[in-house]
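Residues per chain, in single letters:
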Amino acid sequence: MARRIDARKPGYVATITAFLNEPRGAVPDLVDTVRDMIADVRGSGGEAVARYTAKFDELVLDPTLLQSDNVDLYRLASACPDDLKAAIDFAAERIAAYHEKQRPEDHQFTDAAGVQLGWRWTALDSVGVYVPGGLASYPSSVLMNVVPAKIAGVERIVMVAPAPKGQLAPAVAYAALKAGIDEYYPIGGAQAVAALAFGAGRLTPVDKIVGPGNAYVAEAKRQVFGTVGIDTIAGPSEILVIADETANADWIAADLLSQSEHDASSQSILITESESVAAAVEAAVGAQLETLSTGARASSAWFDHGGIILVSDMDQAADVANLIAAEHLELAIADPEALLPRIKHAGAVFLGHHTPEALGDYVTGSNHVLPTSRAARFSSGLGLNDFLKRMSVQKASPEGFSALAPAALTLAKAEGLPAHARSVSIRTNES
């Protein structure tokens, strides 16, 4: 049976917190292994990247070009079926339309002191996009990362995706070309992250790295942060479903398993105030696992990390949801709009019985690169602003300077910074 937590009893916060803090997907010696790989790439550049690619992907690369004659995006994309191309085109258009709406505006105003203030938004110069590769097919990951960067105006977008033995899913290749990728390297793992951050062979460093990956990729992004920007340090996938008596148990079970099938470390949680809903969903999960082709890892995820939380009412359900701060939150209830104002922490929210999380993974247009491991308490999903920077702008007239100078001078003296003080006083003839 799945884990049961009764939040109607005292002490439930500590119980749920302990449940959430249980390790998922830990890799022994991960930090040291990744640190050594990054140091190797920094020291040996393309030779190190080519060596790791030969070892892990059985693909021979030119150490300078970081390319292989066996990997060609155009040739690979030509094998993508027409119906899949059409679906990718459809998704790309919706993702572009959604993120275009996020475009911020420059602003300027003059305050009461006569000082002009404002801000400008500018695009990053370069971004590296990591895409899981090989025979796994994640064209949606290409679109979710590349399309917003293009819309933001990023001039150089570099895609890396491993191609074991020269194999890259045709859908990934087609999505890359559809999104406008013209710089691609068939590399993956921590070595690809290091190459993006520090350069290797012909690959020159980028300013920011985005995109999902395994534990080695996530750890590499953590270690290179500061040298480059990153989107997030993603953990295993998560879904939280709040369901009431109006929910269809089979639908909810399918939604829970949609994340459990990602990885044995994924986490799927149901919150409900109904014992009968809990029992029906649990039974439906069991039945669907019997026929699910990804049932082995989905079963491990559900029984090792999944859970059912019973609450007293929907207000408490919202409180528990905010405590969990899940990557994906479905409100499978009669009136989801009424509960939405109570939700403060979630990567993305899906309202109603006909909005499964899987729609958001592909075609609603909203981004599916979202905070995990309770990071939704302090961060947001990937968006247009992740590829932009805001610069503050100010201009003081002589009158504005006169209005601001006395306070600036006083503060500079109080902080013991005489050059700061002189920078102001030299313009006022004050000592």
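In this text the structure is predicted, and so the values were computed from the model without any measurement.

Draft legend 1. Geometry of the overall build of the chain. A tally of helices and strands in the chain yields 17 helices and 14 strands. Among the 431 residues that make up the chain, the fraction classed as buried is 49%. A separation threshold of at least 6 residues defines the contact pool for the chain, and within that pool the share at least 24 residues apart is 73%. By element, 53% of the accessible surface of the chain is carried by carbon and sulfur atoms, the whole surface being about 20,000 Å². If the 34 positive side-chain charges of the chain are averaged to one point and the 52 negative ones to another, these points end up 8 Å apart.

Draft legend 2. Molecular detail of the sheet that holds strand β3 (residues 115-123). Ordered by their spatial adjacency, three strands build an open sheet running β2-β3-β14, and the pairing between neighbours is antiparallel. In this open sheet, the two strands that pair with only one neighbour each are β2 (107-110) and β14 (388-396). Averaged over neighbouring strand pairs, the angle between their axes works out to 15 degrees when direction is ignored. Pairing between β3 and β14: nine bridges, direction antiparallel.

Draft legend 3. Seen up close, the pairing of strand β4 (residues 126-130). In terms of burial, β4 is a largely internal element, five of the five residues being buried. Burial along β4 is two-sided: the face carrying S126, G128 and Y130 and the face carrying V127 and V129 are both buried. Of the pairings in the sheet, the one linking β4 to strand β7 (residues 208-210) comprises three bridges and is parallel in character. Bridging across to β7, G128 finds its partner in I209.

Draft legend 4. Representation of the pairing of strand β13 (residues 348-351) in the model. Because side chains alternate across β13, one face comprises the buried residues A348 and F350, and the other comprises V349 and L351, none of which is buried. Direction of pairing for strand β12 (residues 328-332) relative to β13: parallel, over a ladder of four bridges. Directly across from H328, in β13, lies its bridge partner A348.

Draft legend 5. Region of interest: the nonpolar core. If you look at the biggest cluster of nonpolar residues, it comprises 75 residues, and the most contacted ones within it are L143, M159, L168, Y184 and I187. With eight residues, helix α6 (residues 139-152) is the largest single contributor of residues to this core. Among all residues touching L143, those that are not within four sequence positions of it are I88, A91, A92, I95, P148, A175 and A179.

Draft legend 6. The arrangement of the sheet that holds strand β8 (residues 229-230) in detail. Pairing within the open sheet is parallel, and its five strands lie in the order β6-β5-β4-β7-β8. Among the strands making up the open sheet, the edge pair consists of β6 (184-185) and β8. The sheet strands contacting helix α8 (residues 189-198) are β4, β5 (156-160) and β7, and the helix crosses β4 at an angle near 175 degrees.

Draft legend 7. Layout of the packing of aromatic side chains. Inspection of every chain in the model, using the stated rule, returns one aromatic pair. Look at Y52 and F56: their rings are 6.1 Å apart centre to centre, the planes differ by 5 degrees, and that puts the pair in the stacked class. One end of the pair is Y52 and the other is F56, both in helix α3 (residues 46-57) and four residues apart, which spans about a single turn. Directly above the aromatic system of Y52 lies the positively charged group of R51, at a separation of 5.6 Å from the ring centroid.

Draft legend 8. View of the packing of helix α2 (residues 30-44) against α3. It is at 6 Å that the axes of α2 and α3 come closest, and there the two elements cross at 135 degrees. The orientation of α2 with respect to α3, classified from their angle, is oblique. Across the interface between the two elements, D36, M37, D40, V41 and S44 from α2 touch G46, E47, A48, V49, R51, Y52 and F56 from α3. For the contact of α2 with α3, the residue count by class is six nonpolar, two polar and four charged.

Draft legend 9. Representation of α3 within the structure. With twelve residues, α3 ought to run about 16 Å at 1.5 Å a step, and its terminal C-alpha atoms sit 15 Å apart, in line with that. Listed in full, the buried residues belonging to α3 are G46, A48, V49, A50, Y52, T53 and D57. If you follow the buried residues of α3, they end up packed against α2 and α8. The first or second residue beyond α3 is E58, which carries a positive phi of 55 degrees.

Draft legend 10. Focus on the pattern of salt bridges. Counted according to the given criterion, the structure contains 17 salt bridges. One salt bridge in this structure joins E100 and R103, with 2.9 Å as the shortest N-O distance. Classification of E100 as partly exposed rests on a relative accessible area of 38%. The partner of K221 in a salt bridge is D231, and the shortest N-O contact between them spans 2.6 Å. Separated by ten residues along the polypeptide, K221 in helix α9 (residues 215-224) and D231 in the loop between β8 and β9 (238-243) bring together distant segments of the chain. In this pair, the class of K221 matches that of D231, namely buried.

Definitions and cut-offs
Residues numbered from 1 in each chain as written. Predicted model: local features only at pLDDT ≥ 70, side-chain atom pairs only at ≥ 80, totals over all residues. Heavy atoms only, no water. Helix = DSSP H or I, 4+ residues; strand = E, 2+ residues; numbered from the N terminus. Buried < 20%, exposed > 50% of the residue type's maximum accessible area, 1.4 Å probe, protein only. Contact = heavy atoms within 4.5 Å. Areas by Shrake-Rupley, 256 points an atom, 1.4 Å probe, with all protein chains shown as cover. Lys, Arg positive; Asp, Glu negative; His and termini not counted. Charge placed at Lys NZ, Arg CZ, Asp CG, Glu CD. Pairing = 2+ DSSP bridges. Axes fitted to C-alpha atoms, helices over the stretch in contact; angles between N-to-C directions. Core = buried A, V, L, I, M, F, W, Y, C linked by side-chain atoms within 4.5 Å. Phe/Tyr/Trp six-rings, centres within 6.5 Å; stacked < 30°, edge-to-face > 60°. Lys NZ or Arg CZ within 6 Å of the ring centre and 35° of its normal. Parallel < 35°, antiparallel > 145°, perpendicular 65-115°, else oblique. Nonpolar A, V, L, I, M, F, W, Y, C, P; charged D, E, K, R; others polar. Expected span 1.5 Å × (residues − 1). Salt bridge = Lys/Arg side-chain N within 4 Å of Asp/Glu carboxyl O.

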